[in-house]
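If you want the building blocks of each chain, they are given just below.
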Amino acid sequence: MATWLMWMTIGVPWLGALLVWRLGDERPNAQHHAAAVFSLLAGGTALALLPFVGETAVSRIPVGGVFGDFTLVADGLGVFLAIVATVVGSLAVIFSGAYMHGAAQLGRYYALVLLFIGAMAGLVLAGGFLLLFFFWEITALCSYALISFHNDDPKAVSGGVKALIMTQVGGVGLLGLALLAYGYLSSYEINTFLAQAHTLPAAVLSIAAFGALAAAAAKSAQVPFQTWLPDAMEAPSPVSALIHAATMVNAGVYLLARLYPAFAAVPGWKTAVLTVGLLSALLAAFMALTAHDLKRALAYSTVSQLGYMVYAVGVGGVFASQFHLLSHAVFKALLFLSAGAVIHAVGTRDMRQMGGLGAMMPFVRAVFLAGALALAGLPLANGFFSKELVLEEGLHHGPLWAYVGMLLGAGLTALYTLRMVAMVFYGETAVTRRVHDASPRMQLPLGVLTFGSLTTWLLAGPFTRLLAQTLPYHALKEMTTLEMAVEILTAPATALALLVIGLGLSAWLLRHRLHRWQRPLHPLAQAAVQSFGFERINQQLTVGTKGAAAVLSRTQTGQLNWNVAAIVGALLLVLVVLSWIVGWLVG
Amino acid sequence: MMETSPLFWLIALPLLATPLVYLSGHLAQTVTRRETVNGRVARDVALAALLACWLPFTWAARELAHISAAHTDALTFGWGGLALRLDGLSLLLTVVALGLGTLVAFYSGPYLAADRGQEKYYAMLVAIVGIMIALGCAADLFNLWVWFEAMAVASYLLVAFYHEQPTSLEAGVKYLVQSAVGSILVLLGIGLVLAHTATLDLQEIRAFVATQGALSPMLLAAGALFLIGFGVKVALVPLHTWLPDAHSQAPSGISAMLSGVVIEAGLVALLRSLGPLTAVAGTATAWAVLLACFGVLNMLVGNLLALRQTQVKRMLAYSSLVHVGYMLVGVSVALFTGTAVGAAGGLFHLFNHALMKGLAFLAAGALLYTLHLAVGDHNPLTVNDLAGAARRYPLAALTLSLALLSLGGLPPFAGFMSKWQIFVAGFQAHNGWVAALVIFAALNSVLSLAYYAPLVNSLYRLKSSELVWAGKPMPRTMSVALALLALPVVAIGFWPGLMRWLTEPAGLALMALFGK
Amino acid sequence: MTLLNIGLIGVLGLLGVGFYGLLTSRNLIKVIIALQILAKAAVLALLVAGNASGQIGLGQSVAITVIVADTIVAVIGMALAIQVRRQMHTLDVVELARLRG
C-alpha cells in the first residue's frame, strides 16, 4: 500500500502534467481545474503516507547493470518533505488559477509546475543516489523552464539559464558523491552509505562530504552560489513561492540533513557548513536591506533563512534545521503569494512605487503581516519557535562567534522585514491606478498559509517523533510540543534573541534619528547592492569563457591548406606524445 | 553457405537494392515523364529495402545470441577476399545504421520533394546503410579500409547533394580532401602492420602481438596513423575542421546520418584497427591516455565553438564533437581499467547520441524545411528564425527541445543515463586522474547547456518571428518520424535498462578487441 | 641499395611531394593531383610492405584495390571542382572559405 502511495505521489502530478498539456491552451478553465485537482490528489497521496511512516516502506525496482536499483523509501524525513512539496504545491496551483488568469501558454505553465511537484516528491522519497540525482536535475530543469516562462523577456531567459547552470555546477558535487558511493560500496542506497561511510578512505569521504556541501550550497542558494536566486524572481510569483521559497531551494538543506551522520566526523566539514550558513544569513540580510524590488528582497530573505537551516545542520541541529524548514516553507510561501497579489494588483515590483497599500488591500496586509511576524521571529508565529531552536542549538553546540553572527542576523531580519512592510503597506502611496484586494481564489491559499504560519509549531512533538523513529542513523531525541515550547520560552537565549530583534525593529522606527550612523555604513550598503562582489565573479567567468571561445574561433579559418596542416601537425604531435608516454611508462 | 548466412543477407540486401532504387526512380520518370515521380518511387523502393533488412537483422541477432552466451563470439562470413565477423559491436552499429537510415528515408520524402536527382539520394542512402553494416563487421584491415572508403565516397555525394549551392560545394570539397588524406594515412598504417606481422587479419594480428614481448616502434607508428587517419572521420580535434561545414550543409536527413552514424562508424573502425595494437607490451595505458586527451579536447573545443554559433545546424555539428569526446572518455576508461563498464557506457552513449542528434537534426531540418526550403530559399536556419516556433510547430519544437536537453545530459532523457554510465565507470577506477577527467566531463555537460538552453527558450517565445508565420505547414511524415525518434529518447531516460541487451554485449566485444 | 630501400625512399619522396602540394597549392586541381600523389605513395608502401613480409600476393591485391578506389575519389573530386568553377568562377581554395568559425 505505502509502496503504491509513494509512486503515486510522483506519478499523479506527472500524469496531470501530461493531461493538462494535452488539454490544449484553448480551454484555460479546464486547465486551471485539472491542474488543481491533480496537485490536490498528489497532496492527498502524500498525506496518506503518514500512517505508514512507522514501518518505513521501501520500494525497490532493479534496473540492473551500473544503474542498480531504483529505490523509494518512505521514512519520516522523506514523507514530511513530500507533504510540504505537494501541499504547498496545491496551494500555489490554486493561487495560479487567479494569478495566471488570461495568461498565454497555460498548458506549458501547469505541465511544468506539476512535473516539478512530482519530481520534488521523488527527490525526497528517493532511497538511492542515482534516483536522488535524477529528480534533483529534473527539479532544476523545471525551475529553469519556469523562471524563463516569459521567454520574450531577455531578463527572464538569462535568469533561467543562470539558475540552471549555477545549480548544475554545484550539482557536480552531488554527482561526485553518488559516484564515489557506488565506486566504493557498489550500491546507490543512501542508507547503505550512512551505515558504511566510516569504511571509506578518509580522503574519499572528505571529498564526498564537500561535494555534498557544494551541491547543497548551489541548490539552496548559499554563498558562493547565492546569486542565481534573486535573478530567478523573473518567474511568475506562484512559482517563486513554490520552487524558490518553499520546496526546491530546501533540497540542499535536506541533502545535508539526510547525510549528516555520514559526514559529521569529517574534519572541517561541520565548520565549513556552519560558515556557509552564517555568511549566507548575514550577507543576504544586508542585501535584503538595500533591495527595492519586493520579490528580490524576499529572495534575499530566503537565502538568509536558508542560511539559518544550513547553520543548524553545521552545529548538529538536524531537527532544528528541518523544523525551521517547515516554518519557512509555510511563511515564505505566504509572503511570496501575498507579494504576488500585491504585484498583480499594482503592476510593479518596485517597493518605492507602492506604499500605503494597506488601506486598499486589507486582507493582503493582514496575511502579509502574519508572514512578516514569522519571518522576523516574533512570538507565537512558527518562525519564532524554529528560529529560537536553531539559535539555541548554535549556542550550545556551535562556536560562539558564529552564534553572535546569527544573532545579529536575527536583528537584521527584523529590520528588513519591517522595512518591507512599511514600504509596501504604510506611508504615502505612490500608486495611481485603482487597486483591488485579493480575489477569493487567492484568499483561500493565503488563508490556509496564514493559519499554518501561526500554528505549524504545534506539530513539533509529532515531528520529532516521526524523525526519531525512522532515521536510525541520526540519533535524534524525541520531545513533546509542550516540552519544546517551555524550553524555548524559558531559555535565557530567547530573551537575548528577542532583545536583538527588538533592536532591529526599533532601528527602523528610529531610522531618522540614527541618521549619523548611515554615513559610516554607506560602503557596506554599496557592497550589498553589488552583492558583495559575487556577481562580479560570475560576470568574469562568463566573459572569460566567451573570450576563450572567440580566440578559438579565430583558429577555425575554413582554409583547406590550413585544415590539412592541422592533420599533419596532429599526426606528428601524436607520434611525439606517444613515444614520450611509452618511454615514460617503460623507462 | 551463402544463402543460409543472415550476415550475407544483411549486407547484400541494401547493396543489391542500391541500383534498383536508382533505376526504379529513373525509369519511373522516363516512362511517366512527370517531374516529381522519381523521388516518390525511389523513396518507396528504398524504404521497402531498408524495412526488409530488419528480417535478416532479427535473424542475425537471434543467431548471435544463440551461439554465444557470453557475447564474445561472432557470426562469420567469408567469400574470396571478403572476411566479415558480426559481434556485439557490429550488431550495435547495425541497429543504429539501419534504424536511423529507415527513419531518414521515411522523413526525406517531403524534404526533398522539390529537388532534382532524388533517386541518387535514396540510392546512396541505402548504399551507405549497407556499407556501414559491413564496415562494422570487417574482420581484417583490408576489408575495414575498403568499406571505410566506400562509406566516404557515398557520403561525399550526399554532402554535396545541393551541388548548385556554393556553400555545399565548399563543404563537399573540404570533406573530400581531408577525408582522403585520412584514408591515405590509414593505408600507410596498414602497410606498416603488414610489413611487421605479415597478416591483415585482426585476430591474427592480435595473436602475433600477444606473442611479442618487446615494444615495436613500427606498430606504435601504425597505431598513430590509424588514430589520425580514422580520426579525421571521427572528428577528433584538431582534425574536425571539415565536420561543421559538411554536417551543416548536407540535407538534414543526411546531417542526421552523418552525425548519428557515420562518425560513429569511423569510431568503430578506429577501435577495431587500434584494438589489437593496444596489446603491444604494456602500451594500453598510453593509448588510454591519448584517447582521453582527445576526449578532453573534443569536449572543450566543441563546446566553446558551439557557444558562438548562431546557425542551428552548425551548432549541432559542433555538439557532435563534444559527444564524440564522451564516447572516447568511456572507451579510454575501459582500456585503462580493463573492465567493460566504460566500454558499454561509451557505446551506450554512441547509441543514444544517434537517437538524440538524429532527432535534433531531423527536427531542426523540419523547421528549416517549413521556414526556408519550402518557400524556396537556401539560407541557413538561425536561432532567431526559430523564435516562437512552438506556436505553429508544436511537435517540432517539443522534439527539438527534448533532443537538446537530452544532449545537455538532463534527465529524464537518454543522454543523462549513458553519461552516467561513463562516469560510473570512471569512478570505479579509484584513480584521482580518472575521477578528475569525469568531473571535467560533467562540467562540460553543464557548459553545453549555455547554448542548448537559450535555443529552447527561443522556441517557446510568445512573439513569433515573421518567418514562422510565413512558413509552410509541417508535413505529416516528418511529424511521424520525429515522434518515433523522440519516444526512445524519453523511454531510455526513464528506463536505462532498455538497451542493455545491445550495449553490454557490444561492450564485451570491444573489450575482446582490446584483448581483455 | 636493395630494392626495398629504393621502395622506401620512393614512398617517402612521394609523401613529401604530396604533402607539400596539399599544404601550399591554392589551385583545387593541384590539390587533387597532390592527393593522387599521396595515394601513389600509399600504393607503393603497400607493395613494399608485401614484399618485405613475404606476402607479395596480399600486398599486390590490396594495392590494386587502392588504385581503383582512389580513381573513384579523384573522379568525384574533379566533378566537384568543375561544379566549383561553374558556380563560383574560381578554383582558388583560399577563396573557398565562406564557412568558418
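Located above this text is the structure these notes cover.
One structure accompanies this document, and this report is about it.

Analysis parameters
- Residues numbered from 1 in each chain as written.
- Chains lettered and ligands numbered in written order.
- Predicted model: local features only at pLDDT ≥ 70, side-chain atom pairs only at ≥ 80, totals over all residues.
- Heavy atoms only, no water.
- Salt bridge = Lys/Arg side-chain N within 4 Å of Asp/Glu carboxyl O.
- Helix = DSSP H or I, 4+ residues; strand = E, 2+ residues; numbered from the N terminus.
- Buried < 20%, exposed > 50% of the residue type's maximum accessible area, 1.4 Å probe, protein only.
- Contact = heavy atoms within 4.5 Å.
- Buried area = accessible area lost by both parts, 1.4 Å probe.
- Polar contact = N/O pair within 3.5 Å; in protein donor to acceptor, adjacent residues only side chain to side chain.
- Nonpolar A, V, L, I, M, F, W, Y, C, P; charged D, E, K, R; others polar.
- 1 Å grid on protein atoms, 1.4 Å probe; cavity = no way out; pocket = protein on both sides within 12 Å on 5 of 7 lines; lining within 4 Å.
- Points joined across faces, edges and corners; volume = space filled by probe spheres on them.

Quick look at the pattern of salt bridges
All names here are of chain A.
Moving on, step 1. This structure, assessed with the given rule, holds 18 salt bridges over all chains.
Moving on, step 2. Residue Arg60 is joined to Glu189 by a salt bridge in which the shortest nitrogen-to-oxygen separation is 2.8 Å. Taken together, the positions of Arg60 in strand β1 (residues 58-62) and Glu189 in the loop between α6 (154-185) and α7 (190-196) put the pair 129 residues apart, joining distant regions of the chain.
Moving on, step 3. The exposure class of Arg60 is partly exposed, given its relative accessible area of 46%.
Moving on, step 4. Of the residues examined, Glu189 reaches a relative accessible area of 14% and is grouped as buried.
Moving on, step 5. One salt bridge connects Glu535 with Lys162, and the closest N-O pair in it is separated by 3.0 Å. With Glu535 in helix α24 (residues 534-554) and Lys162 in helix α6, this residue pair connects regions lying 373 residues apart in the sequence.
Moving on, step 6. A residue is classified by how much of its surface remains accessible, and Glu535, at 23% relative accessible area, is partly exposed.
Moving on, step 7. The exposure class of Lys162 is buried, given its relative accessible area of 14%.
Moving on, step 8. What you see here is one network of salt bridges that share partners, running through Lys155, Glu234, Asp293 and Arg349.

A look at the interface of chain A and chain C
Moving on, step 1. Each partner contributes to the interface: chain A provides 10 residues, whereas chain C provides 13 residues.
Moving on, step 2. At the boundary of chain A with chain C, total buried surface from both sides reaches about 880 Å², with 60% on carbon and sulfur atoms.
Moving on, step 3. Three residues, Gln559(A), Leu560(A) and Asn561(A), lead the burial of chain A against chain C; their summed loss comes to 48% of the area buried on that side.
Moving on, step 4. On the surface where chain A and chain C come into contact, there are 0 salt bridges.
Moving on, step 5. At the junction of chain A with chain C, the criterion picks out 3 residue pairs in polar contact (both at pLDDT 80 or more).
Moving on, step 6. Looking at which element gives the most residues to the side of chain A that touches chain C, the answer is helix α25 (residues 560-586) of chain A, with 5 residues.
Moving on, step 7. Here the side of chain A that touches chain C is composed, by residue class, of 4 nonpolar, 6 polar and no charged.

What about empty space enclosed by the protein?
Moving on, step 1. In the structure shown here, the tally under the stated rule is 4 cavities of 30 Å³ or more.
Moving on, step 2. Taken as a whole, the largest cavity spans an internal volume of roughly 170 Å³.
Moving on, step 3. Along the walls of the largest cavity sit 15 residues, with Phe133(A), Glu137(A), Gly409(B), Phe423(B) and Ser445(B) positioned nearest its centre.
Moving on, step 4. Per-element tally for the lining of the largest cavity: the top contributor is helix α16 (residues 414-428) of chain B, with 4 residues.
Moving on, step 5. Residue classes in the lining of the largest cavity are distributed as 9 nonpolar, 4 polar and 2 charged.

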